[in-house]
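# Inside the fold
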Amino acid sequence: MREVAVVGFAQTPCVRETDGTTNGVEMLVPIFHEVLGGLGLTKSDIGFWCSGSSDYLAGRAFSFVSAVDAIGAFPPIAESHVEMDAAWALYEAWVKLLCGEADTALVYGFGKSSAGQLRRVLAMQLDPYVVTPLWPDSVGLAGIQARMGIEAGLWDERAMASVAARSRAAALSNPLAQLSGSPEVDELLADEYFVNPLRRHDCAPITDGAATIVLAAGDRARELCERPAWITGFEHRVDSPSLGGRDLTTSPSAVAAGKAAGAEDVEVAELHAPFTHQEILLRQALGLGDDVAVNPSGGVLAGNPMFSAGLARIGEAARRIHDGSASRVLGHATSGPLLQQNLVCVMEGRE
Amino acid sequence: MTRPLSAPLDVGFDYTRSTGPTLGRFLTDLRHRRVTGIRGADGRVHVPPLEYDPVTAEPLSEFVGVASTGVVRGWSWIPDPLEGQPLDRPFAWALIQLDGADTALLHAVDAGSPDAITTGARVRARWRAARVGAITDIEYFELSDEPADPPTDASPDNDVTMVVTPVNLHYTHSASPTEDPFLRGLMEGRLIAQRCPACEKVYFPPRPACPTDGVPTTDQVELSDRGTVTTFCIVNVPFLGQRIPPPYVSAYVLLDGADIPFLHLLLGIAPEDVRMGMRVEAVWKPREEWGPTMQNIDHFRPSGEPDAPFDSYSRHL
């Protein structure tokens, strides 16, 4: 079996609102330049391109086709797209490389959440017969899940606020973060409810942004990167879309993906948890102990660019391998409502 | 630098979906103020009914009637309801386990205040007077120990087989930094293109990046309103929103100095006389009707110049 590694990663700053278009070109051009330039590559060196984005977020049809302008797709390229977080595009590219159909792949995700009303746009991913017609908003649904965990004794509002405080403090060292600071937990808890039992600090901000990762196989990875982040496990699983039919205080799909990918013994985990209680839930589902550094970047509570935030988690985790500060890391991505779909990518550095 | 032009963009459409037998039964029964679940492989009753068991994936078929009263299993409080939600006053989203069901249904609870609702609270369906066979036939749930309105008599001859869900989403659509001078130019009757710094191709309309080189275009180029028909078609088919009765000609026009043709209307000539290579000129609308749009050019018409040689536009087909 071939081995595949993350060799490059770049992302835009996480910002509340950009001036750009919803097809992402203005955000993508600089990060393509950064990631390819950093590896000494040009677009003709990339064997496969794959992206993740959403037309509902963009408010236009085939926005991902316009985004291809950022590549400069002539002569024609091998390209694919998923209407999901680009972490799933990374999975597709990984399979492509494992099959030997390419030696390098560039994966990207982008989204301009500020263009629409994110809480309503996300209702489009719910069951279209018996749920979407009620227009449940993403924060309202997360509030139900948070309360169920609180009442089951799995977390409380103070533990949730602690997650927010730690995220913002960690983000002080992340120049691309949207929210950072050193709030006291008591200060956060003094805020009024946004959507009871959630306060604003419990919810990831609305963010425009994009991210990109370059994958390479075998010797090509070793040529391009001094310390590649070798992918040793990459799995994704999905739970029933029936919100009231599963136990919302855990995530069977996250448990299963973590187990299959080999989530144990990691030093760093970047978790895609758009709500504070979901970070606690995921730590538990993935069996991450107190010795694991969770979201040293600040995670998505510090900046949540839709459709690239999961990919960026894998990129942030890989960066700890690239810079030699860790030898085994985990990147996680989620999609769908209330952690319905989960993806886990475990990576290792080798001496 | 001024921000690029932006404008509200409202996207609205109806999704029309066939229900299949399982959801069709559920929605048909809602019309009669009945809630129907389905028995799963493990004996649990799922409400709303599932077509396949979530664990074993076997098809499910044993319908089970449940009550339209139940218990709140989890909730959140929406102080500022959003468009389309069941209530326009503060309300709770709740997972509600109806009496006789083993899973919970998502709906709104009209509780008045977050202090009035708790997990474990008893609720009943508030049925809509005019029911169509949709989840919104339950307007919302209300806090109550009492039974809900009783079922009506079933009329078995008109089952729900389709459901229409209107979608209305609102955006702010922004022009790109390269589209912005193009749109502002149009307001003055000028045609502003952009040149790629790498391949020197001239794009009209401009694009955020050159699709060949992937680099932002930087140089503005002003073009005349004359060009060449590279190719065309004769539209004979009527369609929704059509502004001109068919037949008429849609032509790709390559403005002089541009490298990419664009589609526009060609009038002033019988469709059968239109040719590739034909020289055309813009016919502008009256100045007072101009806006940031290509519709400022009402149409193109033959300019009377001799046809352009094929080699002059063959690379732009």
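Residues numbered from 1 in each chain as written. Chains lettered and ligands numbered in written order. Predicted model: local features only at pLDDT ≥ 70, side-chain atom pairs only at ≥ 80, totals over all residues. Heavy atoms only, no water.

### Notes on the overall build of chain B
- In terms of regular secondary structure, chain B is built from two helices and 18 strands.
- Over its C-alpha atoms chain B spans a radius of gyration of 30 Å, topping by over 25% the 20 Å that the globule rule assigns to 317 residues.
- If you line up chain B on its principal axes, its C-alpha atoms span 85 × 50 × 40 Å.
- Across chain B, every contact between residues at least 6 apart in sequence was considered, and the portion connecting residues at least 24 apart equals 58%.
- A distance of 1 Å separates the average location of the 28 positive side-chain charges in chain B from that of its 43 negative side-chain charges. (Helix = DSSP H or I, 4+ residues; strand = E, 2+ residues; numbered from the N terminus. Rg over C-alpha atoms; globule rule 2.2 N^0.38 Å. Contact = heavy atoms within 4.5 Å. Lys, Arg positive; Asp, Glu negative; His and termini not counted. Charge placed at Lys NZ, Arg CZ, Asp CG, Glu CD.)

### Let's talk about the sheet that holds strand β4 (residues 63–66) of chain B
- The three strands lie next to each other as β3-β2-β4 (chain B), forming an open sheet whose pairing is antiparallel. Of all the strands in the sheet, just β3 (45–46) and β4 of chain B have a single pairing partner and so form its edges. (Pairing = 2+ DSSP bridges.)

### Re the domain arrangement of chain B
- Domain parsing of chain B yields domain 1 (6–168), domain 2 (175–223) and domain 3 (226–317).
- Spacing between the C-alpha centres of domain 1 of chain B and domain 3 of chain B amounts to 53 Å. (Domains from an automatic or database assignment.)

### Digging into the interface of chain B and chain A
- In this complex, chain B contributes 62 residues to the contact, which on the side of chain A involves 53 residues.
- Each partner contributes to the roughly 4,600 Å² buried at the junction of chain B and chain A, and carbon and sulfur atoms together form 62% of this total.
- Taken as a group, B:W75, B:L106 and B:Y171 account for 12% of the area that chain B buries against chain A, more than any other trio of residues on that side.
- Applying the counting rule to chain B against chain A returns four salt bridges.
- One can count 20 residue pairs in polar contact (both at pLDDT 80 or more) joining chain B with chain A.
- For the side of chain B that touches chain A, the secondary-structure elements that each account for two or more residues are β1 (6–18), α1 (20–31), β5 (69–78), β6 (91–98), β7 (105–110) and β10 (162–174) of chain B.
- At eleven residues, β10(B) tops the list of elements feeding residues into the side of chain B that touches chain A.
- Partitioned by chemical class, the residues of the side of chain B that touches chain A number 35 nonpolar, 19 polar and eight charged. (Buried area = accessible area lost by both parts, 1.4 Å probe. Salt bridge = Lys/Arg side-chain N within 4 Å of Asp/Glu carboxyl O. Polar contact = N/O pair within 3.5 Å; in protein donor to acceptor, adjacent residues only side chain to side chain. Nonpolar A, V, L, I, M, F, W, Y, C, P; charged D, E, K, R; others polar.)

### Section: the side chain of A:T18
- As for its placement among the helices and strands, A:T18 is situated in the loop between β1 (4–11) and α1 (25–39).
- If sequence neighbours within four positions are ignored, A:T18 has contacts with A:M27, A:K112, A:S114 and A:D208.

### Some points on the packing of helix α7 (residues 157–171) of chain A against helix α11 (residues 276–285) of chain A
Residues and elements named next belong to chain A.
- Packing of α7 against α11 brings their axes to within 8 Å, and their N-to-C directions diverge by 95 degrees. It follows that α7 is roughly perpendicular to α11 by the angle criterion. Along the contact surface, α7 presents A159, M160, V163, A164 and R166, while α11 presents T276, H277, E279, I280 and R283.
- Residue composition of the contact of α7 with α11, grouped by class: five nonpolar, two polar and three charged. (Axes fitted to C-alpha atoms, helices over the stretch in contact; angles between N-to-C directions. Parallel < 35°, antiparallel > 145°, perpendicular 65-115°, else oblique.)

### Points about the nonpolar core
- Core analysis: the biggest nonpolar cluster contains 97 residues, and A:L288, A:L330, B:L98, B:V109 and B:F141 have the highest contact counts within it.
- Ranked by residues supplied to this core, first place goes to β6(B) with seven residues.
- With sequence-adjacent residues up to four places away left out, B:V109 is seen in contact with B:L87, B:F91, B:A92, B:A94, B:I96, B:I117, B:V123, B:F141 and B:L143. (Core = buried A, V, L, I, M, F, W, Y, C linked by side-chain atoms within 4.5 Å. Buried < 20%, exposed > 50% of the residue type's maximum accessible area, 1.4 Å probe, protein only.)

### Details of the sheet that holds strand β13 (residues 219–223) of chain B
Residue and element names in this part refer to chain B.
- The three strands are arranged β12-β11-β13 in an open sheet whose pairing can be described as antiparallel. What marks the edges here is a single partner per strand, and that holds for β12 (202–203) and β13.
- In this sheet, β12 lies alongside strand β11 (residues 191–195) in antiparallel orientation, the contact comprising two bridges. Bridge pairing in β12 links Q194 to Y203.
- Running over the sheet, helix α2 (residues 179–187) touches β11 and β13 and is turned about 160 degrees from β11.

### Here we look at the pattern of salt bridges
Residue and element names in this part refer to chain B.
- Throughout the structure, instances matching the rule amount to 35 salt bridges over all chains.
- Where R301 meets E281, a salt bridge forms, and the shortest distance between an N and an O atom there is 3.0 Å. Taken together, the positions of R301 in strand β18 (residues 297–302) and E281 in strand β17 (residues 279–284) put the pair 20 residues apart, joining distant regions of the chain.
- Note on R301: relative accessible area 39%, which makes it partly exposed.
- Through salt bridges with shared partners, a single network forms among R226, D256, R279, E281, R301 and E305.

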